[in-house]
Amino acid sequence: MNIPSIIKKSTTSILGSFACTSISLALSNGMPLVVMYHGVKCGTKQKGSENYRWKHIPDSVFEEQIIWLKKHFEVVSLEEVENSISDKRDIKKPLCAITFDDGFRNNYTNAFPILKKYSVPATIFLTTGFIERNIHLWTDVLEYALNTSLHNEIIISIDGKEKSFHISNTTEKIHSDSILRNYMKKISNDSREELLKEILTATSVSKDTMYEEFSDYAPLSWEEVIEMKNENITFGAHTVTHPILSSLPKDIQEDEIISSIKRICDKVGDCKYFAYPNGQLHDINNDTREILKENNIKYAWSTIPERIKKTNADDLLFLPRVTLDASQFNNRFYALTSNALQYTKNIL
Ligand SMILES: [Zn+2]
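What you see is a predicted model; the values in this text were computed from it and never measured.

How each quantity is defined
- Residues numbered from 1 in each chain as written.
- Predicted model: local features only at pLDDT ≥ 70, side-chain atom pairs only at ≥ 80, totals over all residues.
- Heavy atoms only, no water.
- Buried < 20%, exposed > 50% of the residue type's maximum accessible area, 1.4 Å probe, protein only.
- Helix = DSSP H or I, 4+ residues; strand = E, 2+ residues; numbered from the N terminus.
- Pairing = 2+ DSSP bridges.
- Expected span 1.5 Å × (residues − 1).
- Axes fitted to C-alpha atoms, helices over the stretch in contact; angles between N-to-C directions.
- Left-handed = near helix turned anticlockwise from the far one by under 90°.
- Contact = heavy atoms within 4.5 Å.
- Nonpolar A, V, L, I, M, F, W, Y, C, P; charged D, E, K, R; others polar.
- Phe/Tyr/Trp six-rings, centres within 6.5 Å; stacked < 30°, edge-to-face > 60°.
- Lys NZ or Arg CZ within 6 Å of the ring centre and 35° of its normal.
- Core = buried A, V, L, I, M, F, W, Y, C linked by side-chain atoms within 4.5 Å.
- Parallel < 35°, antiparallel > 145°, perpendicular 65-115°, else oblique.

Trainee: So what exactly am I meant to see when it comes to the pairing of strand E1 (residues 33-37) here?
Mentor: The two faces of the sheet receive side chains in turn, since in a regular strand these alternate between them. Counting buried positions along E1 gives 5 out of 5 residues, so the element sits mostly inside the fold. Of the two faces of E1, the one lined by Leu33, Val35 and Tyr37 and the one lined by Val34 and Met36 are each fully buried. Bridge count for E1 against strand E5 (residues 95-102) is 5 bridges, and the pairing is parallel. Considered in E5, the bridge of Leu33 is made with Cys96. Bridge count between E1 and strand E12 (residues 322-323): 2 bridges; the pairing is parallel. Residue pairing for E12: Met36 is matched across the bridge by Thr323.

Written out as structure tokens, the structure is:
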């Protein structure tokens, strides 16, 4: 770990501890917070490099976090947060909305009972091709292939050159996964699909068995979606196949966005919300914004990890959300849910 990251880590930790006091919440300027999870797993056991980035946090930790959020925020629907941004209202107890991305089945099996227990609303952004089991999410396929492969090493072509990746133990698998994941985020959607096929062949792993072997990778069914819809959970669109939208021509972006919105409307009656896959500024372009406007989506959510600011009212199609993956480390959770992370960023 280099020196700036050590300083950053300890600063985040100190601010995190500090942030659990009401003083840090006073720093939060009364504007709403929208948090984003991917999944909630049952217990803490993991096999090998499964879920090594804690995309799915343990259920006991999720429950603690819901209790903490309820204590310090008024936890409301995403619609109430959206209305409050346009109103530019100042509120004494800040609003917080909870969202989940992608549509993992454990949102129903593990998160939903906790949300019901505390009467907390949430919005789930669905990747509709994932829900219909037409596609697998590539990050999960990569993790699964490297984790379950019996090979010690694989050879993969990167930028036309053959490169060796060691995967003989969990540490090596995590290291190789990180390098490949970062590389695959930067290439075109078609190149990524090709590379994923190459990785599956090289690891001698079939993705057909991944949901049975690792249930946290599995998608929701429409039946589960409809059941939750009747109990305080709303649904938004997150495209059909989870591509990086800015890398696509407008007509393909239209298909990804409009088809996912229509499918959700067909199944649950409406779809007013949208979240961008990956969610950074370079992941969208003007075409993306135009398509959303043409399809009556007034608010769209990024993964820029900030509290909402009054200036966000000027650009409702790129609103910030704080990702709480890996937030089982409580200092990180406190830092992220207060403004501490932003202060850390400003300091370093
Ligand atoms: Zn996503």
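On we go.
Trainee: What am I meant to see in helix H3 (residues 59-72) here?
Mentor: Since the α-helix packs 3.6 residues into each turn, any two residues three or four apart lie on the same face. Its 14 residues place the ends of H3 20 Å apart at the C-alpha level, agreeing with the 20 Å of an ideal helix rising 1.5 Å per residue. Of the residues making up H3, those classed as buried are Val61, Phe62, Glu63, Gln65, Ile66, Trp68, Leu69 and His72.

Trainee: Just to check I follow, could you spell out the packing of H3 against helix H14 (residues 330-337) for this structure?
Mentor: The packing of two helices is summarised by the inter-axis angle and the distance between the axes. At a closest axis distance of 12 Å, the pairing of H3 and H14 adopts a crossing angle of 35 degrees. Where H3 crosses over H14, the handedness of that crossing is right-handed. Contact residues: H3 offers Glu64, Gln65, Trp68 and Leu69, while H14 offers Asn330, Phe333, Tyr334 and Thr337. Of the residues that constitute the contact of H3 with H14, the class distribution is 4 nonpolar, 3 polar and 1 charged.

Trainee: Is there a simple way to think about the packing of aromatic side chains in this case?
Mentor: Two descriptors summarise a pair of aromatic rings, namely the distance from one centre to the other and the angle between the planes of the rings. Tallied over the full model, the rule gives 15 aromatic pairs. Taken together, a centroid distance of 5.7 Å and an interplanar angle of 80 degrees make the contact between Tyr144 and Phe214 edge-to-face. Of this pair, Tyr144 sits in helix H7 (residues 138-148) while Phe214 is found in the loop between helix H10 (210-213) and helix H11 (222-229), placing the two residues 70 residues apart along the sequence. Here the guanidinium or amino end of Lys163 rests over the ring plane of Phe165, the centre of that ring lying 5.3 Å away.

Trainee: Sorry, what's going on with the nonpolar core here?
Mentor: The nonpolar side chains of a soluble globular protein tend to be buried with one another. Tyr37, Phe62, Ile98 and Phe100 are the most contacted members of the largest nonpolar core, which totals 54 residues. Core analysis: the second largest hydrophobic core is formed by 29 residues, Ile135, Tyr183, Ile187 and Phe214 among them.

Trainee: I would appreciate a short explanation of the packing of helix H8 (residues 170-186) against helix H9 (residues 189-203) in the present structure.
Mentor: It is at 9 Å that the axes of H8 and H9 come closest, and there the two elements cross at 150 degrees. Accordingly, the angle class assigned to the pair H8 and H9 is roughly antiparallel. Residues Leu180, Tyr183, Met184 and Lys185 of H8 form the contact with H9, whose participating residues are Arg192, Leu195, Leu196 and Ile199. Here the residues of the contact of H8 with H9 are counted per class, giving 6 nonpolar, no polar and 2 charged.

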